[in-house]
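The residues making up each chain are set out below.
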Amino acid sequence: MKRGAMKQVMFVELGMGVDLHGQDVTKAAVRAVRNAIERNSMPGMRALVDGDTSKMQVRVHLAVPADADRLDHEAVKAVFPYGAVSIHVTSGGMLAPSGIFLADKNDRNEQIYVVNAAVEVGI
């Protein structure tokens, strides 16, 4: 088995997150991850890890359109209540025009940041 590979992937979900104003890649990434997991429950995982949820592996793939160096990995990891979380970032997502610059929303430009997430959970 290659390093970092899960023995068994139990769950894969996809999500999308957007920051309409402020160009905050972390805000968009957190929203994407929440979108991927917020309507799911995995009660059987506790049995698979003998009740020790720290044995659960969570692999988060994020496609970000810009500012990958500004992404707060710890803020993304904090979304998950259990498991050993790893973050993997690639180029992707989308920059879209908002059509308006709002200084009071901390806009740096008129771009909307769209981040895509794929979340794998397993053992």
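Residues numbered from 1 in each chain as written. Predicted model: local features only at pLDDT ≥ 70, side-chain atom pairs only at ≥ 80, totals over all residues. Heavy atoms only, no water.

Chemist: A description of the overall build of the protein chain should follow, citing residues and the corresponding values.
Modeler: Along the backbone of the protein chain there are 3 helices and 5 strands. Its helices and strands taken in sequence order, the protein chain reads β-α-α-β-α-β-β-β from the N to the C terminus. C-alpha atoms of the protein chain, sized along the principal axes, occupy 50 × 30 × 20 Å. Counting across all 123 residues of the protein chain, residues that qualify as buried make up 37%. Counting only contacts in the protein chain whose residues sit at least 6 apart along the sequence, the fraction spanning at least 24 positions is 76%. Accessible surface for the protein chain amounts to roughly 7,100 Å². Of this, 51% is attributable to carbon and sulfur atoms. (Helix = DSSP H or I, 4+ residues; strand = E, 2+ residues; numbered from the N terminus. Buried < 20%, exposed > 50% of the residue type's maximum accessible area, 1.4 Å probe, protein only. Contact = heavy atoms within 4.5 Å. Areas by Shrake-Rupley, 256 points an atom, 1.4 Å probe, with all protein chains shown as cover.)

Chemist: Describe the environment of Ala103, with residues and values.
Modeler: Checked against the element boundaries, Ala103 lands in the loop between β4 (94-97) and β5 (111-122). Residues Ala103 and Ile123, spaced 20 residues apart in sequence, show a C-alpha to C-alpha distance of 46 Å.

Chemist: Go over the pairing of strand β2 (residues 57-64) with me, naming the residues and quoting the values.
Modeler: For β2, a buried count of 6 out of 8 residues is recorded, marking the element as mostly surrounded by other parts of the structure. Pairing geometry for β2 and strand β3 (residues 84-91), over 8 bridges, is parallel. Along β3, the bridge assignment pairs Leu62 with Val89. Of the strand pairs in this sheet, β2 and β5 are connected by 7 bridges, and their pairing is antiparallel. From the neighbouring strand, Gln57 faces β5, where its bridge partner is Gly122. (Pairing = 2+ DSSP bridges.)

Chemist: I'd love a proper account of the nonpolar core, names of residues and values included.
Modeler: In this structure, Val33, Val58, Val60, Leu62, Val76, Phe80 and Val115 are the most contacted members of the largest nonpolar core, which totals 28 residues. For this core, the secondary-structure elements that each account for two or more residues are α1 (25-37), β2, β3 and β5. Among the elements that line this core, the one with the most residues is α1, at 8 residues. (Core = buried A, V, L, I, M, F, W, Y, C linked by side-chain atoms within 4.5 Å.)

Chemist: Describe in detail a nonpolar patch on the surface, supporting the description with residues and values.
Modeler: A contiguous nonpolar patch, built from Val9, Val12 and Leu14 and spanning about 270 Å² of accessible area, is present on the exposed surface. For Leu14, the location among the structural elements is in strand β1 (residues 9-19). (Patch = residues over 30% accessible without salt bridge, like charges linked within 9 Å, V, L, I, M, F, W, Y side chains within 5 Å. Salt bridge = Lys/Arg side-chain N within 4 Å of Asp/Glu carboxyl O.)

Chemist: If you had to explain the pattern of salt bridges to someone new, which residues and values would you point to?
Modeler: Inspection of every chain in the model, using the stated rule, returns 5 salt bridges. A salt bridge links Arg59 to Glu120; the nearest nitrogen and oxygen atoms lie 3.4 Å apart. One end of the pair, Arg59, is in strand β2; the other, Glu120, is in strand β5, with 61 residues separating them in the sequence. Comparing Arg59 with Glu120 shows no difference in burial state: the two are buried.

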